[in-house]
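An overview of the molecular structure
Single-letter residue listing:
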Amino acid sequence: MTHRTESRGAAGLRPGLPDAPLAAVTEPTPGCPVEITLDALRGRWTTLVVRELLRGPGPRSYSELAAALPALSDKVLADRLAHLVDRGVAERIRTAGWPPAVRYELTPRGRALGPVLQALWDWGEGASPQPPGGSSGGPSRGSSQGSPRQPAEW
């Protein structure tokens, strides 16, 4: 009987696994790059706020963001913006005057989240949500039921 040999590439790793000592941890650590990314995007609505800032052009005011996401409460929008600023994803730009004008813009690291969000969208688009307790109801994987979503909806 012959055995099949699998090639793992030049580095001997599986695709998608980083070649870094930190990748060998056995429990989540705050310094893990994946945990840092997930923390930056934590919270419901955060990805949509980032999406609106990605749409630009340039800095956006609080009221522009609120108008773009009408179902989002003022409290949650303020919390998400503060979180994104705290994580270095966005910057808060305050200009002099009365009343002072405040605008928000993605930092270069924040703009780098665009392809990350697109990858999350692409991955999620191929997976149909399963209701709790099994697969009763709802469209099956690969089904054409329901309305197609565009990347602009993440």
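Let me begin by describing the structure that accompanies this report. (Residues numbered from 1 in each chain as written. Predicted model: local features only at pLDDT ≥ 70, side-chain atom pairs only at ≥ 80, totals over all residues. Heavy atoms only, no water.)

Checked against the element boundaries, aspartate 79 lands in helix α4 (residues 74-86). Overall, the relative accessible area of 35% leaves aspartate 79 in the partly exposed class. Along the sequence, aspartate 79 and threonine 46 sit 33 residues apart, while their C-alpha atoms lie 9.5 Å from each other. (Helix = DSSP H or I, 4+ residues; strand = E, 2+ residues; numbered from the N terminus. Buried < 20%, exposed > 50% of the residue type's maximum accessible area, 1.4 Å probe, protein only.)

Turning our attention to the packing of helix α2 (residues 46-55) against α4. Their axes nearest at 10 Å, the elements α2 and α4 cross at an angle of 70°. One finds that α2 runs roughly perpendicular with respect to α4. Side by side, α2 and α4 meet where Thr46, Val49 and Val50 of the first sit next to Leu77, Arg80, Leu81 and Leu84 of the second. For the contact of α2 with α4, a count of residues per class yields 5 nonpolar, 1 polar and 1 charged. (Axes fitted to C-alpha atoms, helices over the stretch in contact; angles between N-to-C directions. Parallel < 35°, antiparallel > 145°, perpendicular 65-115°, else oblique. Contact = heavy atoms within 4.5 Å. Nonpolar A, V, L, I, M, F, W, Y, C, P; charged D, E, K, R; others polar.)

It is worth spelling out the environment of leucine 54 at this point. You can see leucine 54 is positioned in helix α2. Of the residues examined, leucine 54 reaches a relative accessible area of 30% and is grouped as partly exposed. For the pair formed by leucine 54 and leucine 106, sequence separation is 52 residues and the distance between their alpha carbons is 7.2 Å.

Our focus in this paragraph is the nonpolar core. The tendency in soluble globular proteins is for nonpolar side chains to be buried as a group. Membership of the largest hydrophobic core comes to 18 residues, with the highest contact counts inside it found for Val49, Val50, Leu53 and Val89. Looking at this core, the elements with two or more residues in it are α2, α4, β3 (101-106) and α6 (113-125). Broken down by element, this core gets its largest block of residues, 4 residues, from α2. In this structure, valine 49 is in contact with Leu69, Leu72, Leu77, Arg80, Leu81 and Leu84, ignoring residues within four places of it in sequence. (Core = buried A, V, L, I, M, F, W, Y, C linked by side-chain atoms within 4.5 Å.)

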